[in-house]
Amino acid sequence: MPLVPMRAILEATEKYNYAQGAFNVNAVAQAKAVIEVHEMFRSAAIIQGADLANAFMGGRADFANGTLEDKKVGANNIANAVKKYAENSPIPVALHLDHGKNIDSCIAAMDGGYTSVMIDGSSLPFEENIELTREVVKLAHPRGVTVEGELGVLAGVEDHVFSATSTYTNPLDAVEFIRKTGVDALAISYGTKHGANKGAGAVLRKEIAIATKECLRHEGLFCALVSHGSSTVPQYIVKEINALGGTLTDAHGISKEQLKEVSRLGIAKINVDTDIRLAVTRNLRELFWYNPELRTHASIAPIYQLLESRTSDFDPRVFLPPIMPTLMYGDIPDEDVAKVVACIEKGVREVVGTLIVEFDSVGKAPLVEQVTLEEMAERYRKAGI
Ligand code: G3H
Ligand code: 13P
Ligand code: ZN
């Protein structure tokens, strides 16, 4: 079926009180596997391409230096893959821009076929964040595209850090931000952190989500709360990576128990990228560890060399540039590359499958309304948002 606006999926989470995982992809094979595993569990799917993922998928191995042109190309590549697999799928799929840097990035994503965009103005002063986010809403809603904003900065990982220096989201500010911008979703800062080093025993300040939701109910406002930086950093995967030649240190995530709890308390969308990176890296290391003959096979030997020289890395974008056309378009030129693609797909299935169950979106696909972008645009128009 055609891609749905992310709002349709978020509305179902609100109505039926569960959370939807949102999974980052940086390769065609990842988009394919994310859709397949959601299909298996009869869950709707939110696939995310980050601003830098778009640059990478635009052919920039040095994605941090990607230009707007690269991002446009990459957004198209991701959207083409997601549309292709979603078209033949019975589950609703939304494609969301993660951490959109500016208005141009959001436009590039929407033009490429994304049905939802995040504008990350969290580093700006409150009023400027409102202004920028409002601009994006004005561009996106007439196209039926969902918008996520962010308020508060994801840095602190300690529950007791709640002082003048705290960057946690203030629920009162959140309500004002939502009212003034008209965003459909809001990323809050409440104790999570991006990456694999979140600190041992990170405690979520769930009261921030509870208070914000309660205020929104009183105000009659819809807005889905988003938990970024929510990877669980499975310790068994960390141990496996290190036993296979990796050198990860101090790797800790958010406990599944806490994520399960907040998914019942108003968190609607839970962002996960790092766990996928870790599982794919483990699989790549394992492939060469147990099949030493592959270390010298021409098409994938450079991947092995990168794994050997970059032992503390776990972002597959560090290791996989030697097969860039495979990542960007899904080409599989030989059976060695097919083995690498299998590592990517298996890693996604392992992590995403586990979290679909934990977040309780299993079987919820039929509860998501099949709304088109045009219909959604009309709803926004009538509601004046
Ligand atoms: O929240 C950020 C995501 O993990 C995306 O990472 O910007 O390196 O693609 P990236
Ligand atoms: P992790 O680094 O915890 O996977 O967070 C991903 C994320 O927030 C993407 O927006
Ligand atoms: Zn994030």
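Residues numbered from 1 in each chain as written. Chains lettered and ligands numbered in written order. Predicted model: local features only at pLDDT ≥ 70, side-chain atom pairs only at ≥ 80, totals over all residues. Heavy atoms only, no water.

## Things to note about the sheet that holds strand S8 (residues 267–272)
Judged by pairing direction, the barrel is parallel, and its eight strands sit side by side in the order S1-S2-S3-S4-S5-S6-S7-S8 before closing back on the first. Each strand axis lies, on average, 25 degrees off the axis of its neighbour in the sheet, ignoring direction. Looking at chain direction, strand S4 (residues 116–119) and strand S5 (residues 146–151) are connected through three bridges and run parallel. What sits directly across from Ser116, in S5, is Thr146. Here helix H5 (residues 103–112) sits on the sheet in contact with strand S3 (93–100) and S4, set at roughly 170 degrees to S4. Packing against the sheet, helix H6 (residues 126–140) makes contact with S4 and S5, and its axis sits at approximately 175 degrees to S5. (Pairing = 2+ DSSP bridges. Helix = DSSP H or I, 4+ residues; strand = E, 2+ residues; numbered from the N terminus. Axes fitted to C-alpha atoms, helices over the stretch in contact; angles between N-to-C directions. Contact = heavy atoms within 4.5 Å.)

## Some points on the pattern of salt bridges
In total, this model carries 30 salt bridges according to the counting rule given. Among the salt bridges present, the one from Arg179 reaches Glu219, with a minimum N-O distance of 2.8 Å. Of the two residues, Arg179 is situated in helix H7 (residues 171–181) and Glu219 in helix H8 (residues 207–219); the sequence distance between them amounts to 40 residues. A residue is classified by how much of its surface remains accessible, and Arg179, at 45% relative accessible area, is partly exposed. Arg310 serves as the salt-bridge partner of Asp313, at 2.7 Å between the closest nitrogen and oxygen. By relative accessible area, Arg310 is classed as partly exposed at 37%. Via salt bridges that share partners, Lys32, Glu36, Glu345 and Arg349 belong to a single interconnected network. (Salt bridge = Lys/Arg side-chain N within 4 Å of Asp/Glu carboxyl O. Buried < 20%, exposed > 50% of the residue type's maximum accessible area, 1.4 Å probe, protein only.)

## Considering the site of ligand 2
Inspection of the region around ligand 2 gives 15 residues, with Asp98, Lys198, Ser231, Asp273 and Thr274 positioned closest. One nitrogen or oxygen atom from the side chain of Lys198 is found 2.6 Å from an oxygen atom belonging to ligand 2. Asn271 places a side-chain nitrogen or oxygen 3.1 Å from an oxygen atom of ligand 2. The protein chains hide 96% of the 310 Å² of surface that ligand 2 would expose on its own. Those elements giving two or more residues to the shell around ligand 2 turn out to be S3 and S8. In terms of residue class, the shell around ligand 2 is made up of one nonpolar, ten polar and four charged. (Near = heavy atom within 4 Å. Polar contact = N/O pair within 3.5 Å; in protein donor to acceptor, adjacent residues only side chain to side chain. Areas by Shrake-Rupley, 256 points an atom, 1.4 Å probe, with all protein chains shown as cover. Nonpolar A, V, L, I, M, F, W, Y, C, P; charged D, E, K, R; others polar.)

## What to know about helix H11 (residues 274–290)
Along its 17 residues, H11 runs 24 Å from first to last C-alpha, staying within 8% of the 24 Å computed at 1.5 Å per residue. By the criterion of burial, H11 is predominantly enclosed, with 14 of the 17 residues buried. (Expected span 1.5 Å × (residues − 1).)

## Let's talk about the site of ligand 1
Neighbouring ligand 1 are the residues Asn24, Ala50, Leu52, Ala53, Asp98, His99, His194, Asp273, Arg277 and Arg317. Across the complex, the protein chains shield 79% of the 300 Å² of accessible surface that ligand 1 would expose by itself. The set of elements that each furnish at least two residues to the shell around ligand 1 consists of helix H3 (51–57) and S3.

## Focus: the coordination of the zinc ion (ligand 3)
Under perfect tetrahedral coordination by four donors, a metal shows angles of 109.5 degrees; under perfect octahedral coordination by six donors, it shows angles of 90 or 180 degrees. For the zinc ion (ligand 3), the protein coordination sphere consists of His99 (NE2), His194 (NE2) and His228 (ND1), at 2.0 to 2.1 Å. We note that the donor set of the zinc ion (ligand 3) lies within a single chain, spaced as H-x94-H-x33-H. Of this pair, His99 sits in strand S3 while His194 sits in the loop between strand S6 (185–188) and H8, and the two are 95 residues apart along the sequence. We classify His194 as partly exposed; its relative accessible area is 41%. (Donors = N, O, S within 2.8 Å, 3.2 Å for Na, K, Ca; no water.)

## What about the confidence of the model for the chain?
Looking at the chain as a whole, the pLDDT averages 95, with 97% of positions reaching at least 70. Contacts for the low-pLDDT stretch residues 156–165, under 50 throughout, to residues beyond four places or in other chains number 20 contacts. (pLDDT = per-residue confidence, 0-100.)

## With respect to the packing of H5 against H6
Where H5 meets H6, the closest approach of the two axes is 10 Å, and the angle between their N-to-C directions is 20 degrees. With respect to H6, the axis of H5 lies roughly parallel. Remark: the crossing between H5 and H6 carries right-handed chirality. Residues Ile103, Cys106, Ile107 and Met110 of H5 pack against Leu132, Glu135, Val136, Leu139 and Ala140 of H6. Looking at the contact of H5 with H6, its residues break down into eight nonpolar, no polar and one charged. (Parallel < 35°, antiparallel > 145°, perpendicular 65-115°, else oblique. Left-handed = near helix turned anticlockwise from the far one by under 90°.)

## Digging into the environment of Met57
Locating Met57 in the fold gives a position in helix H3. Each C-alpha atom, one on Met57 and one on Val28, is 8.8 Å from the other, the two residues being 29 residues apart in sequence. Excluding residues within four positions of it along the chain, Met57 makes contact with Asn26, Ala27, Val28, Gly74, Asn77, Ile78, Leu327 and Met328.

## A short note on the state of the cysteines
Linking two cysteines covalently through their sulfur atoms gives a disulfide. Applying the stated criterion across every chain yields a total of zero disulfides. Cysteine Cys215 is unpaired, with the sulfur of Cys223 as its nearest cysteine sulfur at 13 Å. Judged by its relative accessible area of 25%, Cys215 is partly exposed. (Disulfide = S-S within 2.5 Å.)

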